[in-house]
Amino acid sequence: MSRYPLISTDAITDASSEENAQQSIISIRRLGKSFLSGSGKGAVRYQVLKDVDLNIQRGEFFILLGPSGCGKSTLLNLIAGFEKQTEGELLVDGKSIDRPGKERAMVFQHPDASLFPWLNVRENIEFGLRMQGVSRGERKAVSDRYIELAGLTGHERKFPRELSGGMKQRVQIARVLANDPELLLMDEPLGALDAFTRRIMQDELVRIWTETKKTVIFVTHDIQEAVLLGGRIGIMSIGPESRVFEIMDNRLEYPRDITSREFNLMQKKLQSIFQDDLYFHL
Ligand SMILES: Nc1ncnc2c1ncn2[C@@H]1O[C@H](COP(=O)(O)OP(=O)(O)OP(=O)(O)O)[C@@H](O)[C@H]1O
């Protein structure tokens, strides 16, 4: 039975069922995270996340959706191992984590933070492989594959400063994929792009995901983007003490048509949650 009355129960999967937990790449139980703000006697503890239960299945495109400040990036940073939870359990492939790992890669909103300005496109994409001592020939084979997959053919010799925002984001994605992680953690990766480029990149991301079958956890506060990309959409409560309070299955076929009736219906369902008074009292 859905805990939320606005969504029909057939669209909901139980985030914490035992069956889901067994096949999960990520398994999260009663996870909490608080931060201490300020210093000395004036310091206060702010509980961003509380009692988060969530299973992520291998190969799925999972969306974390919620308003600004609800704790989406905090949850992603915990999964990445950049932060440590204050309560609960977070398992990756059945093992608890306390640091970043090769199998989990983060794609940030601003690619400039992760690309090396002194390396060209190909060198940036090959960087991780070079650090691992992979031979030149093998590196070239891998970078050729991801240059093509990310639509960067012809731009291999350009430096980050010579690329548009969308192209830089393609390089960041190709670079992450070249290291062959199991899990892509994407923190509003298209948030800094203009609307036109963003739409193109959304379609590209679906294509790349379809071809690579990587597990993706994608953070956004954009409902249309969530419906366009997500196989399941985890809806976060407003916070503090935010949690994933409902998960909506999105079975629309890829690539999705934003003008279709079914697409609009799904969007409206989600919109109605965020517009309902109940949402502000979860
Ligand atoms: N290192 C930190 N120290 C103190 N408070 C923090 C820290 N990191 C995050 N917070 C707080 O946690 C809350 C959630 O932040 P977070 O960035 O996870 O939200 P978000 O949902 O990703 O927001 P947005 O969509 O705007 O990026 C905010 O109130 C933020 O101030």
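Residues numbered from 1 in each chain as written. Predicted model: local features only at pLDDT ≥ 70, side-chain atom pairs only at ≥ 80, totals over all residues. Heavy atoms only, no water.

A. Structural detail: the UniProt feature "domain: ABC transporter" (unreviewed entry) in the chain. Under the UniProt annotation, "domain: ABC transporter" (unreviewed entry) lies at residues 26–263. Here residues 26–263 is 32% helix and 27% strand, with 28 Å between the C-alpha atoms at its ends. (UniProt positions renumbered as here; feature names shortened; annotations may be inferred. Helix = DSSP H or I, 4+ residues; strand = E, 2+ residues; numbered from the N terminus.)

B. View of the confidence of the model for the chain. Residues at a pLDDT of 70 or more form 92% of the chain, whose mean pLDDT is 88. Counting contacts from residues 1–16, a segment whose pLDDT is below 50, to residues more than four positions away or on other chains yields 42 contacts. (pLDDT = per-residue confidence, 0-100. Contact = heavy atoms within 4.5 Å.)

C. Examining the packing of aromatic side chains more closely. By the definition in use, this model includes six aromatic pairs. An angle of 35° between the planes, with centres 5.0 Å apart, marks the rings of F116 and W118 as tilted. A relative accessible area of 59% places W118 in the exposed class. An aromatic cluster is present here, built from F61, W209, F218 and Y254 joined pairwise through their rings. If you follow R256 out to its NZ or CZ, it ends over the ring of Y254, 3.9 Å from the centre. (Phe/Tyr/Trp six-rings, centres within 6.5 Å; stacked < 30°, edge-to-face > 60°. Buried < 20%, exposed > 50% of the residue type's maximum accessible area, 1.4 Å probe, protein only. Lys NZ or Arg CZ within 6 Å of the ring centre and 35° of its normal.)

D. View of the pairing of strand β3 (residues 61–65). β3 sits mainly inside the fold: five of its five residues count as buried. Residues F61, I63 and L65 line one face of β3 and the alternating positions F62 and L64 line the opposite face, and both faces are buried. Relative to strand β8 (residues 215–220), β3 runs parallel, the two sharing five bridges. Its bridge partner lying in β8, F61 is registered against V216. Two elements, β3 and strand β9 (residues 232–236), share four bridges in a ladder whose sense is parallel. Counted as the bridge partner of F62 is R232 from β9. (Pairing = 2+ DSSP bridges.)

E. Region of interest: the site of the ligand. Inspection of the region around the ligand gives 13 residues, with S68, G69, K72, S73 and T74 positioned closest. A distance of 2.8 Å separates an oxygen atom of the ligand from a polar atom in the side chain of K72. Between the ligand and the protein, one listed contact pairs an oxygen atom with a side-chain N or O atom of T74 at 2.5 Å. Here the ligand, which alone exposes 630 Å², has 62% of that area covered by the protein. It is helix α2 (residues 72–80) that contributes the most residues to the shell around the ligand, three residues altogether. (Near = heavy atom within 4 Å. Polar contact = N/O pair within 3.5 Å; in protein donor to acceptor, adjacent residues only side chain to side chain. Areas by Shrake-Rupley, 256 points an atom, 1.4 Å probe, with all protein chains shown as cover.)

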